[in-house]
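# Residue-level structure breakdown
Here's the letter readout for the chains.
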Amino acid sequence: MQKSQYRIGAHLSVAGGLKAAVDRVISMGGNALQIFSGSPRGWARKSVDPKQAEIFRQYCKDHDVSPVVIHALYLVNLTGDREELLRHSIEALEYDLQYSAHIGAEGVVVHLGSHLGKGFDAVFDTLIENLKEILDRSPENSTLLIENSAGQEGKLCSDFAEIHRIYDALHMYVEKKRLAWCFDTCHGFAAGYDLRTVHEEMKKHGLLGTLRVIHFNDSRDPFNSGRDRHENIGEGQIGKVILRDFLKNPHFSQIPFIIEVPGFDGSGPDEKNIARVKELLC
């Protein structure tokens, strides 16, 4: 099977099993996939079946679906004061990194949490300590992918300088390719980054070479709004022209594009949205 230059996929449910998610993204016209490792509504997780993981890896290879990305739970907060939440967050990320290694995924995308009004400096040391613990206790062939935020409610990493500072503190893991990042177009736009020149900002902060995944979403809210609400491709405040310029930027041509959109029928990513992405490439 001939491989496509661009990797375009969607975040889909694993209802019916991992292979079913692969089939669904293929039916939509995609060739990349993002999933949760279990229910996004709770902390409980099942043990990984090595045999099923091997079957899944081979199925993806046979059907040219690559990469597969895991998205961590939205419940995760690595900087909070609540001991139980912090313990659950650390355990959940350790599980996801193990799961990622088993199924041969690109990595685990994570929102690191919120400083809850205290400011990035106030939570930085705690954040670094927790990230070190998670990475030290996870497989060497697993990668944590920090996602940028829109900055709402004190969410961390809306500013590229914050990601750069984390990299500086954890440079050993960056060098070993165990720590990288994911850029979300909706979040970046809402945080005040011009998507037409954002690669220059990434380069300035030393982040362009460690970008591993792009979440390609339109935004319901205007530029620099600080609000995180995704919209279908070409239907939001970013619009087709800017999204096309971003998509065709040669700096991003080797990075997988994953859509996380509401869908035209409200049920999530769909064939029409993936078709819209492909139309922007024409």
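For the structure given in this document, a descriptive report is provided here. No experiment lies behind these values; they were computed from the predicted model shown.

## Considerations on the pairing of strand 5 (residues 144–147)
The alternating pattern of strand 5 places Leu144 and Ile146 and Leu145 and Glu147 on opposite faces, both of which are buried. Where strand 4 (residues 107–110) meets strand 5, 3 bridges bridge the pair, whose relative direction is parallel. Pairing of Val109 across the sheet is with Leu145, part of strand 5. Each parallel crossover has a hand, and the one from strand 4 via helix 4 (residues 120–136) to strand 5 is right-handed. Bridge count between strand 5 and strand 6 (residues 179–184): 4 bridges; the pairing is parallel. Along strand 6, the bridge assignment pairs Ile146 with Trp181.

## Points about the pairing of strand 1 (residues 8–11)
The alternating pattern of strand 1 places Ile8 and Ala10 and Gly9 and His11 on opposite faces, both of which are buried. Note: strand 1 against strand 10 (residues 257–259), 3 bridges, orientation parallel. Of the residues in strand 10, the one forming a bridge with Gly9 is Ile258. Here strand 1 pairs with strand 2 (residues 32–35) via 3 bridges, running parallel. The residue bridging Ala10 from the neighbouring strand is Leu33, located in strand 2. On the question of chirality, the crossover connecting strand 1 to the parallel strand 2 by way of helix 1 (residues 18–27) is right-handed.

## Points about the layout of surface pockets
Of the volumes computed, that of the largest pocket is approximately 450 Å³. Lining the largest pocket are 20 residues; nearest its centre among them are Leu18, Ser37, Lys46, Ser47 and Tyr99. If you tally residues by element for the lining of the largest pocket, the top one is helix 2 (residues 50–62), at 4 residues. In the lining of the largest pocket, the residues fall into 10 nonpolar, 6 polar and 4 charged. Roughly 370 Å³ of internal volume is contained in the second largest pocket. Residue lining of the second largest pocket: 20 residues in total, with His71, Tyr74, His111, Asp228 and His230 positioned closest to the centre. Grouping the constituent residues of the lining of the second largest pocket by class yields 7 nonpolar, 8 polar and 5 charged.

## Some words on the packing of helix 4 against helix 5 (residues 160–169)
Between helix 4 and helix 5, whose axes approach to 11 Å, the crossing angle comes to 45°. Classed by the angle they form, the pair helix 4 and helix 5 counts as oblique. Handedness of the crossing formed by helix 4 with helix 5: right-handed. Contact residues: helix 4 offers Phe120, Asp121, Phe124, Leu127, Ile128, Leu131 and Lys132, while helix 5 offers Glu162, Arg165, Ile166 and Ala169. When the residues that make up the contact of helix 4 with helix 5 are grouped by side-chain class, the tally is 7 nonpolar, no polar and 4 charged.

Conventions and cut-offs
Residues numbered from 1 in each chain as written. Predicted model: local features only at pLDDT ≥ 70, side-chain atom pairs only at ≥ 80, totals over all residues. Heavy atoms only, no water. Buried < 20%, exposed > 50% of the residue type's maximum accessible area, 1.4 Å probe, protein only. Helix = DSSP H or I, 4+ residues; strand = E, 2+ residues; numbered from the N terminus. Pairing = 2+ DSSP bridges. Right-handed = clockwise from strand over helix to strand, strands pointing away. 1 Å grid on protein atoms, 1.4 Å probe; cavity = no way out; pocket = protein on both sides within 12 Å on 5 of 7 lines; lining within 4 Å. Points joined across faces, edges and corners; volume = space filled by probe spheres on them. Nonpolar A, V, L, I, M, F, W, Y, C, P; charged D, E, K, R; others polar. Axes fitted to C-alpha atoms, helices over the stretch in contact; angles between N-to-C directions. Parallel < 35°, antiparallel > 145°, perpendicular 65-115°, else oblique. Left-handed = near helix turned anticlockwise from the far one by under 90°. Contact = heavy atoms within 4.5 Å.

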